[in-house]
Amino acid sequence: KNGFLVRKVHADPDGKKTPRGKRGWKTFYAILKGLILYLQKDEYRPDKQLSDEDLKNAVSIHHSLAMRAADYSKRPNVFYLRTADWRVFLFQAPNAEQMQSWITRINTV
Ligand code: I3P
């Protein structure tokens with residue numbers, strides 16, 4: 001599965017609150033491949049190698065949990081992703097259907 005997602009980093013490993021200055025929303029082209037959610041700055045091109053930045057932004061979804069961010073009302077179609085190392089991301093999908101589809105895909109791998 002792939003598509004555009006807007007990401008906010010909410011908590012760093014061990015659930016530590018992400019410091020100010022690093023909590024802004026940023027658009028990525030997301031690609032879910034196996035147990036890795038790749039977040040690229042540009043749209044995917046098969047010929048293009050992943051940059052260091054792309055690898056740094058990749059998230060392991062092994063033992064992670066996605067759920068609708070029912071308590072977050074500033075933006076629509078937002079879901080939480082809590083990773084195995086207790087990082088927390090918010091992701092905004094383009095619409096409700098895409099949001100649900102990402103949640104289902106992440107939770108059923
Ligand atoms: C953050 C940015 C986010 C905001 C966050 C700010 O600043 O303005 O949009 O989250 O608020 O800290 P920065 O880009 O300097 O990190 P919201 O959009 O959810 O308000 P927060 O610290 O209350 O999460």
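For the structure itself, consult the block above.
These lines cover the structure that appears in this document, whether it is placed above or below.

Bringing the overall build of the protein into the picture now. Of regular secondary structure, the protein possesses two helices and seven strands. Seen in sequence order, the protein has helices and strands lined up from the N terminus as β-β-β-α-β-β-β-β-α. For a compact globule of 109 residues, the expected C-alpha radius of gyration is about 13 Å, and the protein comes in at 13 Å, within 12% of that figure. Projected onto the principal axes, the alpha-carbon positions of the protein cover approximately 40 × 30 × 25 Å. Counting the 109 residues in the protein, one finds 39% classified as buried. Partitioning the intrachain contacts of the protein with sequence separation of at least 6 by distance along the chain shows that 46% fall at a separation of at least 24.

Close to the ligand lie Lys8, Arg20, Gly21, Lys22, Arg23, Gly24, Trp25, Tyr72 and Lys74, which account for all nearby residues. Taking Gly24, its main chain carries an N or O atom lying 3.4 Å from an oxygen atom of the ligand. Considering the ligand on its own, with 500 Å² of exposed area, one finds that the protein chains cover 58% of that surface.

On to the nonpolar core, then. Core analysis: the largest hydrophobic core is formed by 19 residues, its most contacted members being Leu37, Phe79, Leu81, Phe91 and Trp102. Per-element tally for this core: the top contributor is helix 2 (residues 96-107), with four residues. By size, the runner-up hydrophobic cluster in this structure holds seven residues, among which are Tyr72, Tyr80, Val88 and Leu90.

Another point: the pairing of strand 3 (residues 36-40). Summarising burial for strand 3: four of the five residues are buried, a large majority. In terms of strand pairing, strand 2 (residues 26-33) meets strand 3 through five bridges, oriented antiparallel. Residue pairing for strand 3: Leu32 is matched across the bridge by Leu37. By the bridge criterion, two bridges tie strand 3 to strand 4 (residues 59-60) in an arrangement that is antiparallel.

What counts and how
- Residues numbered from 1 in each chain as written.
- Predicted model: local features only at pLDDT ≥ 70, side-chain atom pairs only at ≥ 80, totals over all residues.
- Heavy atoms only, no water.
- Helix = DSSP H or I, 4+ residues; strand = E, 2+ residues; numbered from the N terminus.
- Rg over C-alpha atoms; globule rule 2.2 N^0.38 Å.
- Buried < 20%, exposed > 50% of the residue type's maximum accessible area, 1.4 Å probe, protein only.
- Contact = heavy atoms within 4.5 Å.
- Near = heavy atom within 4 Å.
- Polar contact = N/O pair within 3.5 Å; in protein donor to acceptor, adjacent residues only side chain to side chain.
- Areas by Shrake-Rupley, 256 points an atom, 1.4 Å probe, with all protein chains shown as cover.
- Core = buried A, V, L, I, M, F, W, Y, C linked by side-chain atoms within 4.5 Å.
- Pairing = 2+ DSSP bridges.

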